[in-house]
Amino acid sequence: MESIKEYLVGYDGPPVNIMEICGSHTEAVARFGIPSLISDKIKLISGPGCPVCVTTSAYIDRLLSLAREGKVIATFGDLIRVPGSHDSLSDAKGEGADIRMVYSPLDVVDLAEGEPDKEFVFAAVGFETTTPVYALLMEEIIERNIKNINLLTALKTMPEVVEEMLSKGAPIDGFLAPGHVSVVTGYEVFEPIAKKYDIPFAVSGFEGEEILLALYEVVSNRGKGVIKNCYPKVVSAVGNTVAKEKINNYFEKCDAAWRGLGIVPGSGMRLREKYAGYDAGSSGLDSDEKMNPACSCASVLTGRMRPYDCPLYGRICNPQNPQGACMVSTEGSCYSYYVNKRKD
């Protein structure tokens, strides 16, 4: 590992822009002080790998509408504070709406069974990592014949958005491929993109040494369309075939809207037509009106701007008063930069 550290800190070749796609990688990069351990010619860019951050304001607005109709909204904690076009679920909760934070999607099953007179909507947001759990939720709902749960989905898939950024000329020379996503999908899903654009991917874990190893693989293979699996203890070429089968039982591919990128073809998952009766109105939630027009989340998510270059960052936008989704989640770029006082 020492020689790898020496290589990275002493690197004096062409500048290399590396995007850490996953929000957990962004958090780990800051926590372990990775920028201080590498050459100034190696630039790390945060990407659109925080599921809360890439959710459009129209999706939040739909949840707010359902809550104000009297439905119980069950969600993970981060989503409660994400701004819609005008307010957040936290604001609605303060007005008396029934918003419940859960730690697992399966928690909503027991809640709904215990209160059969209420209609529950689960906010199903996430990437390939969490989609298998939503498949298990659907399985449980059907097996237990529960009639008072629907899902509002905003499920994304990672390869298509990577392709989208590269096809539009994003200045990226390599990727830290998302470890959690790759556990499910397998690293082979990134191979066609790597070969098409002659760009290296390195699947990384989340410890400091694992990230440094992955960065070494990306930098040393600059200009080559290769995949390096630096997380072999949990990631394989084909991924988790059982989880993928569960997903395909209940969900199918669709176009999806990403904050900052608009509609990305084939980058989403929706309930299959057979299960459309469990959908709470997930289609058409494409608009992304900013609550604060000066918010630069879109530029941050696509690597066009560093969080601290946003005019709101650290001034009126902070974790206690987020003006955009990137400052809400612990996986959000702005949040991670802010709490770790990160300056690249």
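Structural data are supplied above this passage.
All of the points below concern the structure found in this document. No experiment lies behind these values; they were computed from the predicted model shown. (Residues numbered from 1 in each chain as written. Predicted model: local features only at pLDDT ≥ 70, side-chain atom pairs only at ≥ 80, totals over all residues. Heavy atoms only, no water.)

Taking 1.5 Å as the rise per residue, helix α3 (residues 57-68) with 12 residues should run 16 Å; its terminal C-alpha atoms sit 16 Å apart, in good agreement. Within the sequence span of α3, burial applies to S57, A58, Y59, I60, L63, L64, L66 and A67. (Helix = DSSP H or I, 4+ residues; strand = E, 2+ residues; numbered from the N terminus. Expected span 1.5 Å × (residues − 1). Buried < 20%, exposed > 50% of the residue type's maximum accessible area, 1.4 Å probe, protein only.)

Now for the sheet that holds strand β6 (residues 149-156). Each strand in a sheet pairs with its neighbour through backbone hydrogen bonds, running either in the same direction (parallel) or in the opposite one (antiparallel). The strand order across the open sheet formed by six strands is β4-β3-β5-β6-β11-β10, and the pairing between neighbours is mixed. Edge positions in the open sheet fall to β4 (99-101) and β10 (251-258), since each of these has one partner strand only. For this sheet, the mean angle separating the axes of adjacent strands, direction not counted, is 25°. Bridge count between strand β3 (residues 72-75) and β4: three bridges; the pairing is parallel. Note that in β4 the partner of T75 across the bridge is M101. Each of β5 (120-126), β6, β10 and β11 (262-271) is contacted by helix α6 (residues 131-143), which is oriented at about 160° to β6, the strand it contacts most. Here helix α11 (residues 241-250) sits on the sheet and contacts β10 and β11; the angle it forms with β10, its principal contact strand, is near 85°. (Pairing = 2+ DSSP bridges. Axes fitted to C-alpha atoms, helices over the stretch in contact; angles between N-to-C directions. Contact = heavy atoms within 4.5 Å.)

Quick look at the packing of α6 against α11 now. Packing of α6 against α11 brings their axes to within 8 Å, and their N-to-C directions diverge by 55°. Put simply, α6 runs oblique to α11. For the crossing formed where α6 meets α11, the hand is left-handed. Within the contact between the two elements, α6 uses T131, P132, A135, L136, M138, E139 and I142 and α11 uses A243, K246, I247 and Y250. Taken together, the residues that form the contact of α6 with α11 break down as eight nonpolar, one polar and two charged. (Parallel < 35°, antiparallel > 145°, perpendicular 65-115°, else oblique. Left-handed = near helix turned anticlockwise from the far one by under 90°. Nonpolar A, V, L, I, M, F, W, Y, C, P; charged D, E, K, R; others polar.)

The next subject is the pattern of salt bridges. By the definition in use, this model includes 23 salt bridges. Ionic pairing is found between E69 and K71, a salt bridge with its closest N-O pair at 3.4 Å. A salt bridge links K233 to E210; the nearest nitrogen and oxygen atoms lie 3.3 Å apart. Taken together, the positions of K233 in the loop between β9 (227-229) and α11 and E210 in helix α10 (residues 208-220) put the pair 23 residues apart, joining distant regions of the chain. The exposure class of E210 is buried, given its relative accessible area of 16%. Through salt bridges with shared partners, one network takes in D98, R100, E115 and K118. (Salt bridge = Lys/Arg side-chain N within 4 Å of Asp/Glu carboxyl O.)

Of the two faces of strand β7 (residues 174-177), both are covered, the one formed by G174 and L176 as well as the one formed by F175 and A177. Pairing geometry for strand β1 (residues 16-22) and β7, over three bridges, is parallel. Across the sheet, the residue bridging to M19 is F175, located in β7. The sheet contact formed by β7 and strand β8 (residues 201-203) spans three bridges and is parallel. When the sheet's bridge partners are listed, A177 is paired in β8 with V203.

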